[in-house]
Structure formats: structure tokens, C-alpha cells
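As a plain string of letters, each chain reads:
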Amino acid sequence: MTSGSLIAADLVIAVLAAAGWLGGGATAAARRRPLALGLATFALVATLARPITIVALARAGWWFVAEKVLIAAPLSLAAVVVAGPRLLRAPGDIRSVAVPLLFAGYAESSALLVTVLHGYPASAGAGLLAVAGVAAATAVTWRVLGPRPSGTVSRTVLAVGVAALVTGTGLAVAPNPASGVPHDHDYRDTRTVGEPTRRFTLTAGTATVNVSGRDVAAWAFNGQVPGPELSATVGDVLEVTLRNRDIERGVTLHWHGYDVPNSQDGVPGITQAAVLPGQEFVYRFRADQVGTYWYHTHSVSDVGVRMGLYGVLVVRPAPATGVDVAVPVHTLAGLPLPAPITEPVEAGVPVRLRLINTDSTTHRYALAGTPFRVAAIDGFNLRGPTSLVDTAVLIPAGGRYDLVFTAPATPVALFVDGRTVYSTGPVSTATGEWPALDPLSYGTSSPVPFTRFDKRFTLVLDRGLDLRGLLPRYAHTVNGAADPDIPPQVVRLDDAVKFTIVNRSLAVHPWHLHGHHVLVLSRDGRPASGSPLWLDSFDVRPGEVWEVAFRADNPGVWANHCHNLPHADAGMMTHLMYE
Ligand SMILES: [Cu+2]
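Given the structure is predicted, the values throughout are model-derived calculations rather than measurements.

A. Spatial organisation of the overall build of the protein chain. Along the protein chain, the regular secondary structure elements total eight helices and 31 strands. If you line up the protein chain on its principal axes, its C-alpha atoms span 90 × 55 × 55 Å. The buried share of the protein chain, reckoned over its 579 residues, is 53%. Considering only contacts within the protein chain whose residues lie at least 6 apart along the sequence, 77% involve residues at least 24 apart. Carbon and sulfur atoms form 60% of the exposed surface of the protein chain, whose accessible area is close to 24000 Å². The positive charge centre, built from 44 side chains, and the negative charge centre, built from 44, are 11 Å apart in the protein chain.

Right, here's the structure in full:
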């Protein structure tokens, strides 16, 4: 069983236990004896079974069980100790056990709320609030259902509840250290002098575009979705003038996967101000990284990218030979892009398909009709990629895979989630059952270029209630906090840095660090065994733990976030900052 399924199973058991105790208590109060006994016995079994999932999860790491061990386990123990013996005595008047059964229900529910609303890390404040909730609910229940508690008992319960509430609230809302991310930097060094310059102009504006025969309202660069493909040869200087015609919420250009100087990174509020209607901004950087990239707005990026403000950026070592096609996959107004391309290719011609996932969720790609190799991932060439056949690749949000093959005499087709996007002729192969490539064991390994680390950071991805804004929101959190309250990761130039990224939520989080590529060291404790993987976008699935490393060689303040853009918008955005 994967850690992800264990997280889900544990949650289901906790819900069943809480519901069983509450149902047992309520039916006992209504003197429905058999039903009450049945529900409560079921709840007792579920509560006693829960340590199995908790222990199994603990093997994947303390992050997955901290609040379960520190808060849920003591509350469950109290539930079993208070309700268990009374239940086993099966009293003649079932109503006499209603209060203990409901107490057990409150204890389980409040522990569950800590997991769902607070998550990681477990805090004394959350524990005390949970206790206060149980005490208050029990006191009220006691008053309603009787028998009248003695004055001492009710005063004690009340005192415990109030003390826990006061202390817990104090601890839970204690301010985090200031996030300290400075805004609007002005780095002038764009490191370009005298090289051949390729100039492009991208004008952002509202537009109506035609997708699969339907007119769709979009935000477009130069009136088209995707925007124009920008291509350069290594050594060129790229100079891109961004103009905003009428996008009220502002636009920027972020060069996804391209490790540009910080001032060119296009993150509003961090590296520049958003470009408002009527304004322009000129980006300039040297094309010194070969490979497949893409650009997109980073201003209200969730909406902006989804509406169509994105395009392809390809830097080639030399002018393209053979067939060299970029396939940026996107979903616009629920419709898939791009429109399928069909073009015959002569046998023997080398073909490179540059697959780009510009959506916020993973896509599955399957190339049928030919053996192929994955030549590059996220712009970096793989070492010793072997020939693959009948194998799918899963590309995370923001990620790129370059597939290469020599055109056979028979047709070839590329399917994305079962839909043909590129073909050289008709192919009817069922690809749905193909296994997916694991890039961590593909290609030839080489020694890891890090022997020690100067800085280590752990990012635990979860969900939690964020009460700091005007309206409470159910945020996507990192180490229990949501943007802008997540402390930045502070490094020094030339530090060897290691990130441990832990996903204890039930959603996939495609992680994306700006300005750097990270080398994958391990996943779930197993070292990467294939080609070195220098990634800028990788899926951290539920229950997974990734260790990645990089050299801090590009000074500035860099966004470090989930590239499921609605998640980033809902709090899952942090910053890497140089001292
Ligand atoms: Cu996410």
C-alpha cells in the first residue's frame, strides 16, 4: 500500500470512528438500544484499528503522523477508556451511556478536525483547542441529557475547557516570524553585451479565439493561444518586449524552466511590478540554456495562464534538422489544445517532439508506432536514454519531455490522455494500458556532485485553515502556513542546498523552483538510479517524500511554489532568498 493510500485509509477510519461514536451516543440518547450498541461497537473497533494505519504511515516519516500521535492518539485513548468499559457492560438503560459515547465522538471528531484543518506541524495550540472543544461539547451534552453532574465535576470540565481554549487560542494565533520577502528588486545586471539579438514583441490582450470550431473568450499574446513560438540559437540574446493592451489585472512574462537573472524572472511584486494596460516591459537575457521551455504570465497566474497567456520557448544548439515540433498541451475553456497536427514524414528522418504541459494537472502522453527515447526532461539532456516501446510518460504541470525517434515507414501518433495531438498518418493503437516510465530509473547514472550540504530545508505540503486574511480560507499550506506567511528559505551564494519535499495531502503538487534546476536525489528514501535528473517541475504525489539538491548560483529572490496554479493562489507559494 502506498503512503498516499494509507493517508486516505487513515482518514476514512478516523471519519468512521467519529461517526460511529456520535451515532452510538445519539441513538443511545433516543433509547434505540440495538442500534446504539451496534454503532458504538463498530466505533470501538475502528478506534482500536487506527494505530495500524498510523504505525504504517509513521514508517514513511514523522511528518505524516505528528498530529495523529501527539493529539489524536491521546484523545482516542480517552475515548476508549471512558466509553469502552461502559459499552462492554451493556447497561439495561442504554441512555445512561449516551454521554460517554458522545464524549468519545467529540474526542474523535476534534482530533479529525486537527488533521483536516490544522495538519502539520502539530502544535500545542491546536491540541489545546481540540481539548477545549471536547470539554465544551461534553459539558453541554451533560447538561442536556443528565444525570446532573456534581458541582465539582462540572466546574472541573468547565475550567479545563476554558483554560484550554484561552491557552490554545493564544498559541494558535501567535504570529509567525515575519516572512521578510523584500519586494520590487532592481537588479540591473542582465549580463548581455554584444551578442546577436533576437527581438520579439508580445502584446497581451483579451481576444476571441477559435478552438475545435467554437469561439472562446481568451487572454492572448498577439491575438493567438498559445502565443507565438519564440525560438533562438544558443548564444543569441533574447529581447522580448511585453505590452499590455487591456488585461486589467496586469501581465508579466515568466520564462518557465529558464534560469534567467532574477530581474528578468517576471514575478510581480518580487522581481518587477505587473505590467498594466498601456504599459510595457522589456525582458533581455542570454539564450545560454539549450532545450524546451515555455513562457507564461505570472500575474494572477492561475487565471492568466488558464485564459491563454502562455507560449513556447525553444533554444536549439544549432538550426533544427529533421522534424522538430513543440506540442504545448493546454485546456482552454474546457477544450483541449493544440488542434491535432497530421503531417507525413519520410522514413529515416529524425523527429523530435517537444512535449510541454501548460495545464495545472498531470497529463499522460503515449507515442505509438515507433520505438523512441526520452532525450531531455525540463531542458536537460538525459544520460544514456534507452529505447522505449509501448510506454507512456506522465508530464507534471509545467514539465517538458523531448521524445526523439527516427521516422519509420509506417505511421506514428502521439496521444495525450487518449486524444491524438500529432501524427504522421492514421494509427489506431490502444495505449491506455501502457505502463508509465519512471524517470528516476531511466538512463545511465553518474556520481552525485554534492558531498555535503550547507543548507537543508523541509517543505511539508498540506491543507489547513488560514485565518489571517479578512475571510478564512481553506489554504494549501507549506509547513502549516500559507503565502505570505511562509518563512523564506534563505541561502548564501555557492551554498549546496537540499530540499526535502513531503506531501501529506491528498492532492498531487507539481513543485517548481524558479531560477534553478534541482537534481533529484531520492524519492521515498530510494535513491534515483537512472540518468541525473535536473528538473524544474516534478510531481510530488500524495504520501511521497522527494529529496532534491542544487547549487545556489543565481542570486535574487525566487518563487518556489506548487505549479498547480490554483494551489499556488490558495497559499502554496514560498520564496528562496539569497542573503
Ligand atoms: Cu499543489
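B. Local environment of the sheet that holds strand β22 (residues 489-491). Strands sit in the order β22-β31-β30-β24-β28 across an open sheet of five strands; the sheet is mixed. In the strand order of this sheet, the two ends are held by β22 and β28 (537-540), each with one partner. Direction aside, the axes of adjacent strands within the sheet are offset by 20° on average. The pairing of strand β24 (residues 509-513) with strand β30 (residues 557-562) spans three bridges and is antiparallel. Note that in β30 the partner of H512 across the bridge is H561.

C. Spatial organisation of unusual backbone geometry. Note the cis peptide between L337 and P338, where omega equals 0°. In this structure, P338 sits in the loop between β10 (335-337) and β11 (341-342). Residue D483 is joined to P484 through a cis peptide bond whose omega torsion reads 10°. Following the sequence through the fold, P484 ends up in the loop between β21 (473-478) and β22. Phi is positive for D417, which is not a glycine, with a value near 50°.

D. Geometry of the coordination of the copper ion. Taken together, H509 (ND1), C562 (SG) and H567 (ND1) make up the protein donors of the copper ion, found 1.9 to 2.1 Å from the metal. Read N to C, the donor residues that coordinate the copper ion are spaced as H-x52-C-x4-H. One end of the pair, H509, is in strand β24; the other, H567, is in helix α8 (residues 565-569), with 58 residues separating them in the sequence. Of the two residues, H509 and H567, both sit in the buried class.

E. Quick look at a nonpolar patch on the surface. Judged by side-chain polarity, L113, L117, L465, L467 and Y474 come together as a nonpolar surface patch covering roughly 450 Å² of accessible area. Relative to the elements of secondary structure, L465 occurs in strand β20 (residues 455-466). The class for L465 is partly exposed, based on a relative accessible area of 41%.

F. Geometry of the packing of helix α1 (residues 3-29) against helix α2 (residues 33-58). Between α1 and α2, the least distance of the axes is 8 Å, while the angle of their chain directions is 155°. The pairing of α1 with α2 is recorded here as roughly antiparallel in orientation. At the point where α1 passes α2, the crossing takes the left-handed sense. Residues belonging to the contact of α1 with α2 are distributed by class as follows: 20 nonpolar, seven polar and two charged.

G. Representation of helix α3 (residues 66-88). With 23 residues, α3 should reach 33 Å at 1.5 Å per residue; the first-to-last C-alpha distance of 31 Å fits that figure. When the local axis directions of α3 are compared, the greatest deviation, roughly 40°, occurs at A72, which is followed within four positions by the proline P74. The secondary structure elements touched by the buried residues of α3 are α1, α2, α4 (98-118) and α5 (124-145). Phi for A90, located one or two positions after α3, is positive at around 40°.

H. Here's a closer look at the sheet that holds strand β5 (residues 254-256). Spatial strand order, β3-β8-β7-β5: four strands in an open sheet with mixed pairing. Whereas interior strands pair on both sides, the edge strands pair on one side only; in this sheet they are β3 (230-233) and β5. Pairs of neighbouring strands in the sheet enclose a mean axial angle of 25°, with direction left out of account. The pairing of strand β7 (residues 291-296) with strand β8 (residues 310-316) spans six bridges and is antiparallel. Within β8, the residue paired with G291 across the bridge is V315.

I. Quick look at the pattern of salt bridges. Taken as a whole and assessed by the stated rule, the structure comprises 26 salt bridges. The residue K68 makes a salt bridge to E67 at a minimum N-O spacing of 3.0 Å. The exposure classification of K68 matches that of E67, with both residues buried. Residue D378 pairs with R400 through a salt bridge whose shortest N-O separation is 3.6 Å. Of this pair, D378 sits in the loop between β14 (373-377) and β15 (380-381) while R400 sits in strand β17 (residues 400-406); the two residues are 22 residues apart in sequence, bridging distant segments of the chain. Judged by its relative accessible area of 1%, D378 falls in the buried class. For R400, a relative accessible area of 1% puts it in the buried group.

Reading the values: the criteria
- Residues numbered from 1 in each chain as written.
- Predicted model: local features only at pLDDT ≥ 70, side-chain atom pairs only at ≥ 80, totals over all residues.
- Heavy atoms only, no water.
- Helix = DSSP H or I, 4+ residues; strand = E, 2+ residues; numbered from the N terminus.
- Buried < 20%, exposed > 50% of the residue type's maximum accessible area, 1.4 Å probe, protein only.
- Contact = heavy atoms within 4.5 Å.
- Areas by Shrake-Rupley, 256 points an atom, 1.4 Å probe, with all protein chains shown as cover.
- Lys, Arg positive; Asp, Glu negative; His and termini not counted.
- Charge placed at Lys NZ, Arg CZ, Asp CG, Glu CD.
- Pairing = 2+ DSSP bridges.
- Axes fitted to C-alpha atoms, helices over the stretch in contact; angles between N-to-C directions.
- Donors = N, O, S within 2.8 Å, 3.2 Å for Na, K, Ca; no water.
- Patch = residues over 30% accessible without salt bridge, like charges linked within 9 Å, V, L, I, M, F, W, Y side chains within 5 Å.
- Salt bridge = Lys/Arg side-chain N within 4 Å of Asp/Glu carboxyl O.
- Parallel < 35°, antiparallel > 145°, perpendicular 65-115°, else oblique.
- Left-handed = near helix turned anticlockwise from the far one by under 90°.
- Nonpolar A, V, L, I, M, F, W, Y, C, P; charged D, E, K, R; others polar.
- Expected span 1.5 Å × (residues − 1).
- Bend = angle between axes of the 7 residues up to and from the residue.

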